[in-house]
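Next come the chains, spelled out residue by residue.
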Amino acid sequence: MSPKKKELSVTQTSVLCGVARATVGYWIRSKKLRANRVGRNYSIPVEELFFFLRSTGQKIPHELAGGNLRGLCFRIRQNCWQYLQGTAHGQNCKDCMVFKNQLDVCFSARDGTSLPCPETCDECQYYLETYLPRIQFVHQIDLPAAVYRDLYFWGGNREWAKLCEVREKDVIGMGIEHVVHPDSLETVISDTKKRALGDPGVPRAYSIFMKRNRHNKLSVHIYVYPLSEPAGTFLMLAEPEEQR
């Protein structure tokens, strides 16, 4: 069973982990181990098995211990309706515009839209398990820092929220137009689209104006870096010109 194989059967997983098939079945039924239903059977993504074993403190089989599975370990990113399948709240997904429009990132629709979610994004287990671990590193940065994709923020640190004069939890799903002043918005949107297309000529650092509630606008020097994980996202660092 090569670690390069992306999915395993229940039998292969039981052999690999040295447990009974019934034990693997229990892991799946109790939703401790995420698996895909294929007819009457299940297939288990290798990354999910590695995440489950590592997060529960179990021994990692040597077949899984090397290669690309070393270092940081994240759960596979599912759509929210897939994550919620089989739960009480999941019954509402078919009526949600996120499902109807097959949106990849559910909280990007939160801005100005009423979603049938029972809790806010910062309290949502789906966000806490799937997205927050991938951007948690921003909280170790001293400068205002946020992660964004497709003109929506996935989250930011306390310094970023303070700079934008919002609550930290409100950064999740916030559109970039709520942060960037109209004088700079066209440039930021254009550069973001060019970066997403891999244009090497887009500057990595430049000055923009950001909105302020108590002031008209604030001149800020920003630094933008592409991230390999999560794919397609960018790290934005900000430094007010008055502090440089």
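In short, a report on the structure.

Rules of the game
Residues numbered from 1 in each chain as written. Predicted model: local features only at pLDDT ≥ 70, side-chain atom pairs only at ≥ 80, totals over all residues. Heavy atoms only, no water. Helix = DSSP H or I, 4+ residues; strand = E, 2+ residues; numbered from the N terminus. Contact = heavy atoms within 4.5 Å. Areas by Shrake-Rupley, 256 points an atom, 1.4 Å probe, with all protein chains shown as cover. 1 Å grid on protein atoms, 1.4 Å probe; cavity = no way out; pocket = protein on both sides within 12 Å on 5 of 7 lines; lining within 4 Å. Points joined across faces, edges and corners; volume = space filled by probe spheres on them. Nonpolar A, V, L, I, M, F, W, Y, C, P; charged D, E, K, R; others polar. Buried < 20%, exposed > 50% of the residue type's maximum accessible area, 1.4 Å probe, protein only. Pairing = 2+ DSSP bridges. Axes fitted to C-alpha atoms, helices over the stretch in contact; angles between N-to-C directions. Salt bridge = Lys/Arg side-chain N within 4 Å of Asp/Glu carboxyl O.

### Considering the overall build of the chain
Then comes step 1: Counting secondary structure elements, the chain contains 9 helices and 8 strands.
Then comes step 2: Here the C-alpha coordinates of the chain stretch approximately 65 × 40 × 30 Å along the principal axes.
Then comes step 3: For the chain, the proportion of contacts with a sequence separation of at least 24, taken over those separated by at least 6, is 45%.
Then comes step 4: Total accessible area on the chain stands at roughly 13,800 Å², and carbon and sulfur atoms take up 50% of it.

### What about the layout of surface pockets?
Then comes step 1: Of the volumes computed, that of the largest pocket is approximately 490 Å³.
Then comes step 2: Around the largest pocket, the lining is made up of 16 residues, and of these Lys31, Arg34, Ala35, Gln82 and Gln85 lie nearest the centre.
Then comes step 3: Of all the secondary-structure elements, those providing two or more residues to the lining of the largest pocket are helix H2 (21–29), strand S2 (36–38) and helix H4 (80–83).
Then comes step 4: For the lining of the largest pocket, the residue count by class is 5 nonpolar, 5 polar and 6 charged.
Then comes step 5: Its volume calculated, the second largest pocket comes out at about 410 Å³.
Then comes step 6: Contributing to the lining of the second largest pocket are 23 residues, with His89, Leu115, Cys117, Glu119 and Cys124 lying nearest its centre.
Then comes step 7: For the lining of the second largest pocket, the elements supplying multiple residues, two or more each, are H4, helix H5 (97–100) and helix H6 (125–130).
Then comes step 8: In terms of residues, the lining of the second largest pocket owes the most to one element, H6, which gives 3 residues.

### Regarding unusual backbone geometry
Outside of glycine, negative phi angles account for most residues, and trans bonds account for most peptide bonds.
Then comes step 1: For glutamine 102, which is not a glycine, the phi torsion comes out positive at approximately 50°.
Then comes step 2: Residue position: glutamine 102 is located in the loop between H5 and H6.
Then comes step 3: Phi angles above zero are rare outside glycine, and aspartate 150 is one such case at about 55°.
Then comes step 4: In this structure, aspartate 150 sits in the loop between strand S4 (145–149) and strand S5 (152–156).
Then comes step 5: Under the relative-accessibility criterion, aspartate 150 is labelled exposed at 52%.

### A look at the sheet that holds strand S8 (residues 234–240)
Then comes step 1: In space, the 5 strands of this open sheet follow the order S5-S4-S8-S7-S6, with antiparallel pairing throughout. Strands at the two margins of the open sheet, each flanked by one partner only, are S5 and strand S6 (205–211). Strand-to-strand, the axes of this sheet are offset by a mean angle of 40°, without reference to chain direction.
Then comes step 2: Bridge count between S4 and S5: 4 bridges; the pairing is antiparallel.

### Re the sheet that holds S2
Then comes step 1: A sheet is described by the order of its strands in space; here 3 strands give the open sequence S1-S3-S2, paired in antiparallel fashion. Only two strands of the sheet have a single partner each, and these edge strands are strand S1 (7–9) and S2. In this sheet, adjacent strand axes meet at a mean angle of 35° when their direction is disregarded.
Then comes step 2: Note that S2 and strand S3 (residues 41–45) share 3 bridges and pair antiparallel. Across the sheet, the residue bridging to asparagine 36 is serine 43, located in S3.
Then comes step 3: The strands touched by helix H1 (residues 10–17) within the sheet are S1 and S3, with S1 carrying the most contacts at an inclination of about 90°.

### What to know about the pattern of salt bridges
Then comes step 1: Counted under the stated rule, the structure contains 7 salt bridges.
Then comes step 2: When the shortest N-O distance is used, the salt bridge between arginine 149 and aspartate 150 registers 3.3 Å.
Then comes step 3: Residues participating in the shared-partner salt-bridge network are Arg77, Asp104, Arg149 and Asp150.

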